Amino acid sequence: MEFFLQLLVNGICVGLLYGISAMGFVMIFKASSVLNFAHGELLALGAFFFLSLVTWGKLPIAASFILTLVGCFILGFLIEKFFLRPLIGEKLIFVIMLTVGLAAMFKGLILLIWGGNLHTYPEFLPESLELNLGAIYVAPVYSASLVIGVIFLVLFGLFFKKSSQGIFMRSVADNQKAALSLGVNVRRVFALSWAIAAMVACMSGIVLGIINGVNVHDLSAIGLKVFPVVILGGLDSIGGAIIAGIIIGLLETFTGGYLSPSLRDVVPYIVLVFILMVKPYGLFGLVEIERV
Amino acid sequence: MKKLSFHPCGNYRENYAQELAIFDTWFGRVCLGVFLAVLFGVAPFMLSPYLLYILNTIGILAIGAIGLNILIGYTGQISLGHGAFFGVGAYAAAILATRLDVPFYLSIPAAGAITAMVGMVIGIPSGRLKGLYLTIATLAGQFIIEYVLIQWESLTRGTMGITLPAPKIFNWTIAGDQAFFFFIFICLVLTTWFAVNIMRSKYGRAFIAIRDNDRAAEGMGIPIFKYKILAFAISSFYAGFAGALWAYYMVSITTEPFNLGLSVEFIAMVIIGGMGNIPGAILGATFITLLNEALRFVTGILMNVGMITSMGLNIAPLREFVFGLAIVLFILLEPKGIAELWRILRSNFRLWPFSY
Amino acid sequence: MGKLLLQLNNISVVYSNVIQVLKGVSLSVEQGHIVSLLGSNGAGKTTTLKAISGLLKPENGEVTDGSILYNGVNIQNQPPEFITRQGIIQVLEGRQPFKYLTIEENLRVGTATRPGKPFKQDLEMVYHYFPALVPRRKALAGYCSGGELQMLVIGRALMAHPQLLMLDEPSLGLAPLVVQEIFRIIKKINEEHSTTIVLVEQNANMALQVAHYGYVMENGKIVMEGTSKELSDNPDVKEFYLGMAASGITKSYKDVKSYRRRKRWL
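Caption draft 1: Spatial organisation of the overall build of chain B. If you tally the helices and strands in chain B, you get 17 helices and four strands. Each principal axis of the C-alpha distribution contributes one length, and for chain B these read about 60 × 55 × 50 Å. Considering only contacts in chain B between residues 6 or more positions apart, those separated by 24 or more positions represent 77%.

Given below as structure tokens:
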């Protein structure tokens, strides 16, 4: 029973991280219908920026965190401007392959600068975040990620529901032509969604880095694990991404704990195929109405 | 810089036969004949084993790329599982050859057929899914196949790998780069011939119709699910065939190379070569292989320069970076690939100086 | 004659570099007027509106010839962000709401041309014109009826304080009573805000009742123009658009022999 509960807690924590990582991905897809294969590399870039600022730059944690977020915001903006904008209206495969190419570029760049080894952050999380619920132990990073995840969810909820810019972004995702006719600056919305998504991605990269250490290969693998998560949640639902992330996280830890550790990494994809066959638009996705 | 574009002038076609013709002029036919004669008559006897090795790799990958082009470029179904199909073919051939002692001239086509069946299974979601959903499904297929190859140890011997016997026909053993050159390139010519011709048939036209508008195609009476599965089957047959050739050529295989990276490389070949263009796939395979070799060469040189290695820089990632950059640049600058550049060049010569 | 707000001088529009849709259209819109644009399907009415509002580009269309002057400024082939900020708002054909946004959020998108400005007062103004929207303000637009949606999209456009409002078939698929209501409000908006309105309609009868001036389009050309009175008195318009025989009594459709007289317009 204790083993079960420990797995449950671990699964939820890992899953929450998947969910947060998937949030940025969903945001890009929602605004511009781009499937971002470079998401894992964005996570890694964020984690490494932070690493450099903390260990090489010797900046305080809070300052590095904010600087990283700002840096990734700008990076996302630039990616959209230079790479994605010329492809607006192009065929799906070109957009997909462009992000695949970007992924290779970023990965090469990261390996070139930081190498492929495992790096770790200095300890900075306060011990008070540690949770001991009877026999179950929750490491400080996990509770920290829980807190950060909830904060970001609420912030994004408010942004998309209340602020004008958020409503404009949703309107573009909804009906691009109508948004154009009302004078919404669609290009700015695309750029902004990439910028925000990159910011979210780098934040989740940092959290993942705190837990597992910073390593390009691991982080880009998580970028691919985002796919089962977003498909399960529905490609265009941010809340769905969080819930689906938790489901996938639980599945993984339970498979790893009870069945076999090697099956752990494939299980999400098996689930993915199953969902695609049964309910292609995910648990929470909007059903696409297609007309000839 | 003025963007190069194709001048659609000088098109005097008057009937369907001319539209379907592979060669516009007798000159093109002669050129191809001369090229093949040089390829088979001169290249294997003049080139060093290393250059022959590169040529052979190009030949094998080109077969796989042609298959993927049928799926992506002609039928419009994006597959991220082609690397895994390639691996399935390699393993199928290896297992048939080692466990059942099947001779290579049977095991290679059989490997293709087995892969075609796997491809059809992976292609089943295409009945319900379109576009990016299908892409993600094939991505899942890639991971699942990879997992099976590694974990089904009783059959694939897992990470240990399998060593294949040398292919033997009557008393003649195919071994060495030169012998394999003939073998591989004859296969390439045959598969290219088949692909070019299937695209001129009813099946090819159905594929193109599905790519351009699957709903309209369905409305015209094309059973799209059947044709999509067929496209998956043909495409994975090519991949499995190429994989089997590769397994024989490499002698021993492990699961390692058949990862997502290989799938991405195959798609890169199709895009860089030119989507919906069979010779383009060969050009793309050539480009990617040469790029890989060139980068390996440059990396090798830089590694030997004392200063850089001493700086602790690992240059290997540069390959990955340049590879990504090549894809990005092609998509941004010439999304129709090398084949389109070639077409523009040719039409400029043909129409010079009076094109409009 | 009052001040000209909008002038189209002999414009041609080509889609995908191949398909020519407008073949030299000239029209002018006087400030404060309602101008209606009539014509059968495929005549080029919607394309004309899109040429003005800059929405051709996403559809791979382009104004290849002629000029569009708005307040004396050349606006042809400008991006829609620019044109909407000059005060031209087009209400698209077929309503096009943001389905997954609530009514109120839909209206807020209308403020995109002047972000950061207070919008509460404008919301009140829209609710004043369309009281039917008030009880639905929190509902998702995807679940609203056609009449509500038409009010919504017109209201959404009003949020932008347009000088020139272009309505593309506001009566499409609506019940006759709702159509009357909508046209009454259009008239009211025109009178109270002195908003200039360009109205594209199939329902020629309604359109000519509210409009000051009208144009008839066919095959990408303007074939007839005149005040609403002149147009509704014209025997051709009567027969083809108003469904009446020359004598003024309603006539059965089977008796309309359009093939005989169509040619005379050119």
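Caption draft 2: Layout of the confidence of the model for chain B. Residues and elements named next belong to chain B. Considering every residue of chain B, the mean pLDDT works out to 83; 92% of them sit at 70 or more. Here helix α15 (residues 306–310) stands out as the element of chain B with the lowest mean pLDDT, 55, in contrast to helix α12 (residues 224–250), whose mean of 91 is the highest. Here the complex is predicted with pTM 0.79, and the ipTM for its interfaces comes to 0.83.

Caption draft 3: Main features of the interface of chain B and chain A. Contacts between the two partners involve 34 residues from chain B and, on the opposite side, 34 residues from chain A. Listed by contribution, the elements that provide at least two residues to the side of chain B that touches chain A are α7 (131–151), α13 (260–273) and α16 (316–333) of chain B. The greatest single-element share of the side of chain B that touches chain A, amounting to 12 residues, is contributed by α7(B). Here the side of chain B that touches chain A is built from residues that sort into 26 nonpolar, five polar and three charged.

Caption draft 4: Just the sheet that holds strand β3 (residues 34–39) of chain C, in detail. Residue and element names in this part refer to chain C. The six strands lie next to each other as β6-β7-β8-β3-β9-β10, forming an open sheet whose pairing is mixed. What marks the edges here is a single partner per strand, and that holds for β6 (88–91) and β10 (221–227). Between one strand and the next, the sheet's axes are offset by a mean angle of 15°, whatever the strand orientation. The sheet contact formed by strand β9 (residues 213–218) and β10 spans six bridges and is antiparallel. In the strand pairing of β10, glutamate 218 is matched with lysine 221.

Caption draft 5: Structural detail: the interface of chain A and chain C. Contact residues are listed per partner, giving 17 residues for chain A and 25 residues for chain C. For the side of chain A that touches chain C, the secondary structure elements donating two or more residues are α6 (164–174) and α7 (176–181) of chain A. The element contributing the most residues to the side of chain A that touches chain C is α6(A), with six residues. For the side of chain A that touches chain C, the residue count by class is eight nonpolar, six polar and three charged.

Caption draft 6: Spotlight on the pairing of strand β7 (residues 164–168) of chain C. All names here are of chain C. The element β7 is largely enclosed, with a buried count of five among its five residues. Burial of the side chains of β7 extends over both faces: Leu164, Met166 and Asp168 are buried on one face and Leu165 and Leu167 on the other. Bridging between β6 and β7 involves four bridges; their strand directions are parallel. Residue pairing across strands places isoleucine 88 opposite leucine 164, the latter belonging to β7. Two elements, β7 and strand β8 (residues 196–201), share five bridges in a ladder whose sense is parallel. In the sheet register, leucine 167 faces β8, and the bridge partner there is leucine 199. Viewed along the sheet, the connection from β7 through helix α6 (residues 176–193) into β8 turns out right-handed.

Caption draft 7: Broad picture of helix α10 (residues 202–212) of chain B. Residues and elements named next belong to chain B. Every buried residue belonging to α10 is among Ala206, Phe207, Ile210 and Arg211, and all of these are buried. The arc that holds the buried residues of α10, viewed along the axis, is 140°, so those residues lie on one side. The outward face of α10, more than 90 degrees from its buried face, is lined by the exposed residues Lys202 and Asp212. The elements touched by buried residues of α10 are α4 (49–74), α11 (214–219) and α12.

Caption draft 8: Structural context of the arrangement of the chains. Of all two pairs of chains in contact, the one with the most contacts involves chains A and B. At the level of C-alpha atoms, the two units chain B and chain C stay apart, their nearest approach being 13 Å.

Caption draft 9: Layout of the environment of B:Pro335. You can see B:Pro335 is positioned in the loop between α16 and α17 (337–351). Its 20 C-beta neighbours within 10 Å are what place B:Pro335 among the buried residues. Separated by 64 residues in sequence, B:Pro335 and B:Ile271 have C-alpha atoms that sit 7.1 Å apart. Sequence-distant contacts of B:Pro335, defined by excluding residues within four places in its chain, comprise A:Glu90 and A:Phe94.

Caption draft 10: Quick look at the nonpolar core. Ranked by size, the top nonpolar core spans 280 residues in total, and within it A:Cys202 and B:Ala93 carry the most contacts. Per-element accounting of this core gives the leading share, 19 residues, to helix α8 (residues 186–212) of chain A. Non-local contacts of B:Ala93, meaning those with residues more than four positions away in its chain, are made with B:Ser107, B:Ile108, B:Ala111, B:Ala244, B:Ala247 and B:Tyr248.

Caption draft 11: Structural detail: the pairing of strand β2 (residues 19–30) of chain C. Residue and element names in this part refer to chain C. In terms of strand pairing, strand β1 (residues 4–15) meets β2 through nine bridges, oriented antiparallel. Looking across to β2, one finds that leucine 8 is bridged to leucine 27. Hairpin connection of β1 to β2: three residues between the antiparallel strands, including serine 16 at a positive phi of 50°.

What counts, and at which threshold
- Residues numbered from 1 in each chain as written.
- Chains lettered and ligands numbered in written order.
- Predicted model: local features only at pLDDT ≥ 70, side-chain atom pairs only at ≥ 80, totals over all residues.
- Helix = DSSP H or I, 4+ residues; strand = E, 2+ residues; numbered from the N terminus.
- Contact = placed C-beta atoms within 7 Å.
- pLDDT = per-residue confidence, 0-100.
- Nonpolar A, V, L, I, M, F, W, Y, C, P; charged D, E, K, R; others polar.
- Pairing = 2+ DSSP bridges.
- Axes fitted to C-alpha atoms, helices over the stretch in contact; angles between N-to-C directions.
- Buried ≥ 20, exposed ≤ 12 C-beta atoms within 10 Å, placed from the backbone.
- Right-handed = clockwise from strand over helix to strand, strands pointing away.
- Arc of directions from axis to C-beta.
- Core = buried A, V, L, I, M, F, W, Y, C linked by C-beta atoms within 7 Å.

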